[in-house]
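Single-letter residue listing:
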Amino acid sequence: MSVQTNGEKIGQYVHYQRSKRKLSLNQFAKNIKVDPSFLQRLEVGKYQGVGLNVLEKIAKGFDMSLEDLLRKSRITSYQHQLPKIEFYLREMYQFPDGAINECRSFISFLQNQYKKEIGLLKKQHDGYWKK
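Residues numbered from 1 in each chain as written. Predicted model: local features only at pLDDT ≥ 70, side-chain atom pairs only at ≥ 80, totals over all residues. Heavy atoms only, no water.

S.K.: Explain the overall build of the protein to me, using residue names and the numbers behind them.
M.R.: In terms of helices and strands, the protein carries eight helices and zero strands. Counting from the amino terminus, helix and strand elements in the protein follow one another as α-α-α-α-α-α-α-α. Rg of the C-alpha trace for the protein: 18 Å, well past the compact-globule value of 14 Å for 131 residues, more than 25% over. Expressed as lengths along the three principal axes of its C-alpha atoms, the size of the protein is roughly 55 × 30 × 30 Å. Looking at the protein residue by residue over its 131 residues, the buried ones come to 25%. Summed over all atoms, the accessible surface of the protein reaches about 9,700 Å², with 54% contributed by carbon and sulfur. (Helix = DSSP H or I, 4+ residues; strand = E, 2+ residues; numbered from the N terminus. Rg over C-alpha atoms; globule rule 2.2 N^0.38 Å. Buried < 20%, exposed > 50% of the residue type's maximum accessible area, 1.4 Å probe, protein only. Areas by Shrake-Rupley, 256 points an atom, 1.4 Å probe, with all protein chains shown as cover.)

S.K.: Could you give an account of the side chain of Ser73, naming the residues involved and the relevant values?
M.R.: Relative to the assigned elements, Ser73 resides in the loop between helix 5 (66-72) and helix 6 (85-91). Judged by its relative accessible area of 0%, Ser73 is buried. If we ignore the near neighbours within four places in the chain, the residues touching Ser73 are Lys9, Ile10 and Tyr13. (Contact = heavy atoms within 4.5 Å.)

S.K.: Outline the pattern of salt bridges, listing residues and values.
M.R.: Summed over the entire model, instances satisfying the criterion amount to four salt bridges. When the shortest N-O distance is used, the salt bridge between Arg18 and Glu43 registers 2.7 Å. Highlighted residues: Arg18 in helix 1 (residues 6-20) and Glu43 in helix 3 (residues 36-43), separated in sequence by 25 residues. Of the residues examined, Glu43 reaches a relative accessible area of 13% and is grouped as buried. Taking the shortest distance from any N to any O, the salt bridge between Glu86 and Arg104 comes out at 2.6 Å. In this pair, Glu86 is assigned in helix 6 and Arg104 in helix 7 (residues 97-113), connecting sequence segments 18 residues apart. Judged by relative accessible area, which is 38%, Arg104 ranks as partly exposed. (Salt bridge = Lys/Arg side-chain N within 4 Å of Asp/Glu carboxyl O.)

S.K.: Which residues make up the side chain of Arg18, and what values go with them?
M.R.: Accessibility expressed as a relative area gives 9% for Arg18, which makes it buried. Here Arg18 is in contact with Leu23, Ser24, Leu25, Phe28, Glu43 and Phe62, once residues within four sequence places are set aside.

S.K.: Explain the environment of Ser65 residue by residue, including any values.
M.R.: The residue Ser65 is located in the loop between helix 4 (52-61) and helix 5 in this model. Judged by its relative accessible area of 34%, Ser65 falls in the partly exposed class. It is 9.9 Å that separates the C-alpha atoms of Ser65 and Leu55, two residues lying ten residues apart in sequence. Of the polar contacts made by the side chain of Ser65, one reaches the backbone nitrogen of Asp68; its length is 3.0 Å. (Polar contact = N/O pair within 3.5 Å; in protein donor to acceptor, adjacent residues only side chain to side chain.)

Right, here's the structure in full:
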């Protein structure tokens, strides 16, 4: 079992996210302003590392933070724990307890409504990373 370089990990994650979002290689390269041939070589693991400026472009192209990109690419295992949703509803939006309870109920409703789709997406995600 060989150890992947950081460049290979990033490339694998870029390919995964791009495929998941149904973006062509050329389309994503254009969106993030990198050469398509560079992106193709990145995805097939030709680079050992990737410059910070490119990482920032990739993260922005996937609408995520650089920290999330590095964590999801398995370059760092540090996980900034997000506060529970109740914190955001109280602190960011000043929701009263009743509104927070209604939001919690709605989230449960959505989880039940989309149980099958959520399960399939989780299985797809887990399967991809076990390759």
